[in-house]
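Listed here are the chains, written in short residue letters.
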Amino acid sequence: MDDRQRQIRERAGLEESRVNVEFVEFLKKWGSTILMVAALGAGSMAGYRWYHQRVAENVAQAFAELELARSGGSPEALAAVAEQFHDVQSVAPLAYLEAADVYLRSVVAGVKPGTTVQPGGVIENPDDVMDEQARATALDRAASFYQRAYEASVTDRTRLMLSIGALHGLAAVAESREQWDVAKAKYEEIAKLTEGTVFTDQARLVQWRLAHLDDLKHLPMLIAEAEMPPLPQPEPVVTPESLGLPPGVKLERMEGPPPGMPGATPSPTPGMTPTAEPQPVPESPAPAEPAPAEPAPAEPAPAEPK
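Quantities reported herein were computed from a predicted structural model and do not represent experimental measurements. Counting restarts for each chain: residues are numbered from 1 in the order of the written sequence. Local features in a predicted model are, by the rule used here, given only for residues with pLDDT of at least 70; side-chain atom pairs are given and counted only at 80 or more, and totals for whole chains, interfaces and linings are based on all residues. Processing note: side-chain calculations cover all non-hydrogen atoms of the structure and skip hydrogens and water entirely.

**Observations concerning the overall build of the chain**
Then comes step 1: Runs of H or I in DSSP of at least four residues are treated as helices and runs of E of at least two as strands, each being numbered from the N terminus. In terms of helices and strands, the chain carries eight helices and four strands.
Then comes step 2: Along the chain, from the amino end to the carboxyl end, the secondary structure elements read α-α-α-β-β-α-α-α-α-α-β-β.
Then comes step 3: Partly exposed residues are those whose accessible area sits between 20% and 50% of the maximum for their type, while under 20% is buried and over 50% is exposed, using a 1.4 Å probe and protein chains only. Within the chain, buried positions represent 23% of all 306 residues.
Then comes step 4: In what follows, a contact means two residues having at least one pair of non-hydrogen atoms within 4.5 Å. Taking all contacts inside the chain whose residues are at least 6 apart in sequence as the whole, residues at least 24 apart take part in 51%.
Then comes step 5: The method behind every accessible area is Shrake-Rupley, applied with a 1.4 Å probe, and residues are considered shielded solely by the protein chains displayed. In the form shown here, the chain has an accessible surface area of approximately 23000 Å², with 58% of it arising from carbon and sulfur atoms.

**Here's the deal with the side chain of Thr115**
Then comes step 1: Checked against the element boundaries, Thr115 lands in the loop between helix H3 (91-109) and strand S1 (117-118).
Then comes step 2: Take Thr115: its relative accessible area is 18%, and that puts it in the buried class.
Then comes step 3: The term polar contact refers here to a pair of N or O atoms within 3.5 Å; inside protein, the definition further demands a hydrogen-donor-capable atom paired with an acceptor-capable atom, and it admits residues adjacent in sequence only when both atoms are side-chain atoms. In terms of polar contacts, Thr115 uses its side chain to reach the backbone carbonyl oxygen of Lys112, at 2.8 Å.
Then comes step 4: Once residues lying within four places of it in the same chain are set aside, the contact partners of Thr115 are Ile123 and Asp128.

**Things to note about the environment of Leu216**
Then comes step 1: Mapping Leu216 onto the fold places it in the loop between helix H7 (200-211) and helix H8 (240-243).
Then comes step 2: Judged by its relative accessible area of 26%, Leu216 falls in the partly exposed class.
Then comes step 3: Each C-alpha atom of the pair Leu216 and Ser176 lies 9.6 Å from the other, and the pair is 40 residues apart in sequence.
Then comes step 4: Ignoring sequence-local partners within four residues, the contact set of Leu216 consists of Glu175, Trp180 and Arg209.

**Let's talk about unusual backbone geometry**
Then comes step 1: Even without being a glycine, Gln89 presents a positive backbone phi close to 45°.
Then comes step 2: By the element assignment, Gln89 lies in the loop between helix H2 (75-84) and H3.
Then comes step 3: Judged by its relative accessible area of 46%, Gln89 falls in the partly exposed class.
Then comes step 4: We note that Glu178 has phi near 60°; this positive angle belongs to a residue other than glycine.

**Quick notes on the packing of aromatic side chains**
Then comes step 1: Pairing of aromatic rings covers Phe, Tyr and Trp, the last counted by its six-membered ring, and requires centre-to-centre distances within 6.5 Å; plane angles under 30 degrees mean stacked, over 60 mean edge-to-face, and any other angle means tilted. Taken as a whole, this structure holds two aromatic pairs when the rule is applied.
Then comes step 2: Ring geometry for Tyr96 against Phe145: centres 6.0 Å apart, planes inclined by 25°, an arrangement best described as stacked. Highlighted residues: Tyr96 in helix H3 and Phe145 in helix H4 (residues 132-153), separated in sequence by 49 residues. By the burial criterion, Tyr96 is buried, and Phe145 matches it.
Then comes step 3: Members of the aromatic cluster, each reached through a chain of ring pairs, are Tyr96, Tyr103 and Phe145.

**A short note on a nonpolar patch on the surface**
Then comes step 1: Each patch is built from salt-bridge-free residues with over 30% relative accessible area, joining like charges within 9 Å and nonpolar side chains (Val, Leu, Ile, Met, Phe, Trp, Tyr) within 5 Å. The term salt bridge refers to a side-chain nitrogen of Lys or Arg lying within 4 Å of a carboxyl oxygen of Asp or Glu. Nonpolar side chains collect at one region of the surface, where Phe26, Leu27, Trp30 and Ile34 lie side by side and expose about 370 Å² of accessible area between them.
Then comes step 2: As for its placement among the helices and strands, Ile34 is situated in helix H1 (residues 2-72).
Then comes step 3: With relative accessibility at 43%, the residue Ile34 sits in the partly exposed group.

**Focus: the packing of helix H5 (residues 160-176) against helix H6 (residues 180-193)**
Then comes step 1: The angle between two axes is taken between their N-to-C directions and runs from 0 to 180 degrees, where each axis is a line fitted to C-alpha atoms and a helix contributes only its stretch in contact. Put simply, H5 and H6 touch, their axes get as near as 7 Å, and they point 165° apart. With respect to each other, H5 and H6 are oriented roughly antiparallel. Handedness of the crossing formed by H5 with H6: left-handed. On the side of H5, the interface is formed by Leu160, Ile164, Leu167, His168, Leu170, Ala171, Ala174 and Glu175, while H6 contributes Trp180, Val182, Ala183, Lys186, Tyr187, Glu189, Ile190 and Leu193.
Then comes step 2: Any residue that is not Ala, Val, Leu, Ile, Met, Phe, Trp, Tyr, Cys, Pro, Asp, Glu, Lys or Arg is counted as polar, Gly included; the first ten are nonpolar and the last four charged. The class makeup of the residues in the contact of H5 with H6 is twelve nonpolar, one polar and three charged. Reported orientations rely on four angle classes, namely roughly parallel under 35 degrees, roughly antiparallel over 145, roughly perpendicular from 65 to 115, and oblique for the rest. Two helices crossing with the near one rotated counterclockwise from the far one by less than a right angle form a left-handed crossing, whereas a clockwise rotation gives a right-handed crossing.

**Some points on the pattern of salt bridges**
Then comes step 1: As enumerated under the stated definition, the model contains ten salt bridges in all.
Then comes step 2: Residue Asp214 pairs with Lys217 through a salt bridge whose shortest N-O separation is 3.2 Å.
Then comes step 3: Given a relative accessible area of 41%, Lys217 falls into the partly exposed group.
Then comes step 4: Via salt bridges that share partners, Glu67, Arg70 and Glu98 belong to a single interconnected network.

**Quick look at the nonpolar core**
Then comes step 1: Side-chain atoms within 4.5 Å are what join buried Ala, Val, Leu, Ile, Met, Phe, Trp, Tyr and Cys residues into a set we call a nonpolar core. Of all hydrophobic cores here, the largest spans 47 residues; its most connected members are Tyr96, Phe145, Tyr146, Val173 and Tyr187.
Then comes step 2: Ranked by the residues each element gives to this core, the list is headed by H3, at eleven residues.
Then comes step 3: Either an automatic procedure or a domain database provided the assignment from which the domain bounds are taken. Inspection of this core shows a minimum of three residues originating in each of domain 1 (1-72) and domain 2 (74-116 + 127-218).

This is how it looks when you write it as structure tokens:
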């Protein structure tokens, strides 16, 4: 029995030794490879995290630069942001749209971008007023930026609203140039883009614009308030105080020939004459009521016949 147990223990020890030897041989053969794979996995995870962190930082910086350029109001600064961050989400089409809108608004206002217009259309610096050449240049820049915004968004269905906005801008530029056929084509393109989408409001707006496109051919000209003729001033109001008259005097319009003509009554001011304010007439006391009459004496009754 003891020999049997001893043999079992020896066999177990030999088996364990064989397993240890095989494990050591395995490590010698594949240990470096396993360590390399583990290192690559850890490095990949670290690189993945670093990449996404850098992407998030780049997105935050891009939108911060966009807001800064938007607050500055410079269309060229907005275009520079679009070119710098052309591959960051929707920054490029948004920046191009903002830049084009600045140029288009300046054309509508008739002044250069960044010009402050005072109430009434007053402009401090006359050089800021657009001439025909400056207006044509601004329209060219607006059309260029709208086209870039359209090209940067038309291939992505998630940016469909940006594409529609760019086409609206191109149509507005065409209307400003009085290119009615080009404007009509842009509106029809918007109608095609909105078919089968949730942008039904845009589809109705485009149909309305197409129906009223001819109305834009005969718009009235708008001029600044400073260029309008002065309004007639109202006649001064004549009051007794302005004439130095005593209190209680009223001015009444005089009926008759004007002052200076024969038979005219002189008055302190032409067409007016002072009259004293009528005094109230005291009321007379009411008559006393008559005293009631005394009743007449009763007549005697007739005597009865005998």
